[in-house]
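Working through the structure, step by step
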Amino acid sequence: MTDLALAGHGGAFPMSAEARELILDYLARARTAMGASAAGDETVRDVETAIGDQLQRVLDDGGQIDRNATTRVLEQFGPISPDEEAAPVARAPFLCRIVEGKQISGLCLGLATRADVRVDWLRSIAVILGLFSGGLLVVAYLVALPFAPRIRTTGEYRRALEADRRRKQR
């Protein structure tokens, strides 16, 4: 079980990790579909609050927030599938910092997502190489930080990577 705090709700909702990922992915797609504007942000916050209201009803009825309950709740809001031609996904940067799940800056998480490897392995290798390189890797890490754009979630970055792959196949 894990917790997830949603806009408009004071506490965090206890839920399965799978349910948490479904909600975060849904909200990431909603943000992409709404675009980067104040009105879009407000709409996504409203949807997030409404999802929280529905999840609270599940808990009030004595249920647990698992994959099935989350799927039923999200189905009430309808699918989010922006037309690729109308709202193209931005190109995936080679190096990025992923905010959700970061330990320090999210740089290792971004590299692990791009390489499709476990982030804990990449972090361990980075620490070992940082020690054995006499701090050279740490300097490179610090230099890369201001140039690596921030991305909210791994799902958002994976979608951008997939869109890049599709563009290259055309």
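Coordinates for the structure precede this section.
Report follows, based on the coordinates.

The helix and strand inventory of the protein chain stands at seven helices and four strands. Listing the helices and strands of the protein chain from first to last along the sequence gives β-β-α-α-α-β-α-α-α-β-α. With the principal axes as the frame, the protein chain shows a C-alpha extent of 55 × 40 × 30 Å. Looking at the protein chain as a whole, 32% of its 170 residues are labelled buried. Working note: accessible area of the protein chain is about 10600 Å², and carbon and sulfur atoms make up 56% of it. In the protein chain, which carries 22 positive and 22 negative side-chain charges, the distance between the mean positions of the two groups comes to 8 Å.

With phi around 60°, Asp116 is a residue other than glycine that occupies positive phi space. Within the secondary structure layout, Asp116 lies in the loop between helix H4 (107-115) and helix H5 (119-132). With relative accessibility at 63%, the residue Asp116 sits in the exposed group.

Turning our eyes to something else, we now look at the pattern of salt bridges. Tallying each qualifying case throughout the model produces eight salt bridges. In this structure, Arg20 engages Glu100 in a salt bridge whose closest nitrogen and oxygen atoms are separated by 3.4 Å. Within this pair, whereas Arg20 is found in helix H1 (residues 17-34), its partner Glu100 is found in the loop between strand S3 (97-98) and H4, the two being separated by 80 residues in sequence. The class for Arg20 is partly exposed, based on a relative accessible area of 25%. Put simply, Asp25 and Arg159 hold a salt bridge, and the shortest N to O gap is 2.7 Å.

For the rest of this paragraph, the subject is the pairing of strand S2 (residues 12-15). Taking every second residue as pointing to the same face, the buried face of S2 carries Phe13 and Met15, while none of Ala12 and Pro14 on the other face is buried. As paired elements, strand S1 (residues 2-5) and S2 share four bridges and run antiparallel to each other. Bridge assignment links Thr2 to a residue of S2, and that residue is Met15. Hairpin connection, S1 to S2: the antiparallel pair is bridged by six residues, and Gly8 has positive phi, about 85°.

Once that is clear, we can look at H4. Those residues of H4 lying buried are Leu107, Cys108, Leu109, Gly110, Ala112 and Thr113. In this structure, the buried residues of H4 make contact with S3, H5, helix H6 (136-144) and helix H7 (154-169). Just past H4, the residue Asp116 takes up positive phi, approximately 60°.

Conventions adopted
- Residues numbered from 1 in each chain as written.
- Predicted model: local features only at pLDDT ≥ 70, side-chain atom pairs only at ≥ 80, totals over all residues.
- Heavy atoms only, no water.
- Helix = DSSP H or I, 4+ residues; strand = E, 2+ residues; numbered from the N terminus.
- Buried < 20%, exposed > 50% of the residue type's maximum accessible area, 1.4 Å probe, protein only.
- Areas by Shrake-Rupley, 256 points an atom, 1.4 Å probe, with all protein chains shown as cover.
- Lys, Arg positive; Asp, Glu negative; His and termini not counted.
- Charge placed at Lys NZ, Arg CZ, Asp CG, Glu CD.
- Salt bridge = Lys/Arg side-chain N within 4 Å of Asp/Glu carboxyl O.
- Pairing = 2+ DSSP bridges.
- Contact = heavy atoms within 4.5 Å.

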